[in-house]
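# Report on the structure
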There are 2 protein chains.
Amino acid sequence: MPSDRNRSEPVPPASVRRLSVYLRHLESLEATNRRTISSRELGKALDFTDAQVRKDLAHFGQFGHPGVGYRINELVRQLKAILGTDRIWNMVLIGAGNLGHALAAFPGFLQKGFTLVAIFDADPKKVGTKIGTLEVLPMESMNRFIRERLIRLAVLAVPPAAAQDIADELVEAGVDGILNFAPRRLSVPSHVTVNSVDLAAQMEQIVFAIQEESR
Amino acid sequence: MPSDRNRSEPVPPASVRRLSVYLRHLESLEATNRRTISSRELGKALDFTDAQVRKDLAHFGQFGHPGVGYRINELVRQLKAILGTDRIWNMVLIGAGNLGHALAAFPGFLQKGFTLVAIFDADPKKVGTKIGTLEVLPMESMNRFIRERLIRLAVLAVPPAAAQDIADELVEAGVDGILNFAPRRLSVPSHVTVNSVDLAAQMEQIVFAIQEESR
């Protein structure tokens, strides 16, 4: 059970990342009505060793059943509870450009319990336009919205030059988790988590690997 | 110099990822006309130790100058040569949905030397429409296009159910690097590099960290 965990011992970030990978695969199995899986089968499907699977899960308790393996629907529920996606999280999006439009329409967020509740943009020409069912709101209303709705998650899809100022304002209003698409490093207080998605850097890594392959 | 590297010793992926981070910061400094930087200053700006910076770079040669530190424009050039972004890479995009539109318009790719040369989609209603200056082409023309133009990079922005089949076809045509946005694992031959961007999983990691913070 998640509550068994020794909290003095931080879980390696790589283990937490793999929980998302396990969860994704288990959910796809759940959709096929499969009932159980062993650590070996789970690892094999995802190119991990069974020892790795068991070790990652052991940070959070004992989930398997002797002679049965993991019950898939049970493990899905437990992984969601561990990750915190067993409930709905409201989030705001800053930036109504092309990337903002794509992120607002991205089906994966809602499937995982992340609900976009507002979109803000500094450009008066964008304010008042609609993206899906949401109207783009002016930046001036962001702070109050976040405070009143107790929003903790923000998706930042603004130009790099604007990113730090907006991050400061988000944090000041109460946001403590930011998914950042601006290709620059953000300074935030230690209680705030920023995950940056730098797509060009991802492509650089691919190109490096391609070259290594042909060296 | 990059050519000094002992190729029998693979560079840790985390070091390669940090090269992208160093490069991004150095380019922003270059734009301000700054000339030199020490490993300590570079590390400090990015929350790494100076030892980490020196160790990462040491995989590829000797870049610093005694009493000067790193010459910024020189190190930018060298990092690009190491990563392989000292030249233009043509890439194709598969999927002309919302995410495809955003990716096609994403300015970061071109800035880093990645040039989108074609967009393919299976939906006849999308074929023939324009995204920027490019016309969406039918999937049936993808294989030949990749072969004739010797394309090696693809961005995959298609529904999960279609992703593996398209990946197979890309690889068969000669692609050896795929930036995958479909939330599923792709099986590819060992000479092919796939980097998967799972935005919902990134958000899950943020939520986990937020909860850890408040436990």
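Residues numbered from 1 in each chain as written. Chains lettered and ligands numbered in written order. Predicted model: local features only at pLDDT ≥ 70, side-chain atom pairs only at ≥ 80, totals over all residues. Heavy atoms only, no water.

Residue and element names in this part refer to chain B. The element strand E4 (residues 114-121) is extensively covered by neighbouring structure, given that seven of its eight residues are classed as buried. Where strand E3 (residues 89-94) and E4 come together, six bridges link them in parallel fashion. Counted as the bridge partner of Leu 93 is Ile 119 from E4. (Buried < 20%, exposed > 50% of the residue type's maximum accessible area, 1.4 Å probe, protein only. Helix = DSSP H or I, 4+ residues; strand = E, 2+ residues; numbered from the N terminus. Pairing = 2+ DSSP bridges.)

Okay, the layout of surface pockets next. Taken as a whole, the second largest pocket holds about 470 Å³ of empty space. Forming the boundary of the second largest pocket are 27 residues, of which Leu 99, Ala 157, Val 158, Pro 159 and Pro 160 of chain A lie nearest the centre. Put simply, the parts of the chain that give the lining of the second largest pocket at least two residues each are helix H5 (98-105) and helix H8 (160-173) of chain A together with helix H5 (98-105) and helix H6 (107-111) of chain B. (1 Å grid on protein atoms, 1.4 Å probe; cavity = no way out; pocket = protein on both sides within 12 Å on 5 of 7 lines; lining within 4 Å. Points joined across faces, edges and corners; volume = space filled by probe spheres on them.)

All names here are of chain B. With mixed pairing, the seven strands of this open sheet are ordered in space as E5-E6-E4-E3-E7-E8-E9. Lying at the two open borders of the sheet, with one neighbouring strand each, are strand E5 (130-131) and strand E9 (193-196). Pairing analysis gives three bridges linking E4 to strand E6 (residues 134-138), with the strands arranged parallel. Bridging from a neighbouring strand, Phe 120 pairs with Leu 137 of E6. Strands in contact with helix H7 (residues 142-149) are E3, E4 and E6; relative to E4, the strand with the most contacts, it is inclined by about 155 degrees. Of the strands in this sheet, E3, strand E7 (153-156) and strand E8 (177-180) are in contact with helix H8 (residues 160-173), which crosses E7 at around 170 degrees. (Contact = heavy atoms within 4.5 Å. Axes fitted to C-alpha atoms, helices over the stretch in contact; angles between N-to-C directions.)

Once that is clear, we can look at the sheet that holds strand E4 (residues 114-121) of chain A. Residues and elements named next belong to chain A. Strands sit in the order E5-E6-E4-E3-E7-E8-E9 across an open sheet of seven strands; the sheet is mixed. For this open sheet the edge positions go to strand E5 (130-131) and strand E9 (193-196), each flanked by a neighbour on one side alone. Where strand E3 (residues 89-94) meets strand E7 (residues 153-156), four bridges bridge the pair, whose relative direction is parallel. What sits directly across from Ile 94, in E7, is Leu 156. Packing against the sheet, H5 makes contact with E3, E4, E5 and E7, and its axis sits at approximately 160 degrees to E3.

Bringing unusual backbone geometry into the picture now. One non-glycine residue, Asn 33 of chain A, lies in positive phi territory at about 70 degrees. With respect to the helices, strands and loops of the structure, Asn 33 of chain A is situated in the loop between helix H1 (13-30) and strand E1 (36-37). Positive phi values are uncommon outside glycine, yet Leu 150 of chain B reaches one of about 55 degrees. Structurally, the position occupied by Leu 150 of chain B is in the loop between H7 and E7.

A word on the packing of aromatic side chains. The tally for this structure, following the rule as stated, stands at eight aromatic pairs over all chains. Ring geometry for Tyr 22 of chain A against Phe 48 of chain A: centres 5.9 Å apart, planes inclined by 90 degrees, an arrangement best described as edge-to-face. Within this pair, whereas Tyr 22 of chain A is found in helix H1, its partner Phe 48 of chain A is found in the loop between helix H2 (39-46) and helix H3 (50-58), the two being separated by 26 residues in sequence. Overall, Tyr 22 of chain A belongs to the buried group, its relative accessible area being 0%. Taken together, a centroid distance of 6.1 Å and an interplanar angle of 85 degrees make the contact between Phe 208 of chain A and Phe 60 of chain B edge-to-face. Of this pair, Phe 208 of chain A sits in helix H9 (residues 199-214) while Phe 60 of chain B is found in the loop between helix H3 (50-58) and strand E2 (70-71), placing the two residues in two different chains. Look at Phe 208 of chain A and you get buried, because its relative accessible area is 6%. Accessibility expressed as a relative area gives 1% for Phe 60 of chain B, which makes it buried. Between Arg 18 of chain A and the ring centre of Phe 48 of chain A, over which it is positioned, the NZ or CZ distance is 5.9 Å. (Phe/Tyr/Trp six-rings, centres within 6.5 Å; stacked < 30°, edge-to-face > 60°. Lys NZ or Arg CZ within 6 Å of the ring centre and 35° of its normal.)

From the geometry alone we can't say anything about function, so treat these as descriptive.
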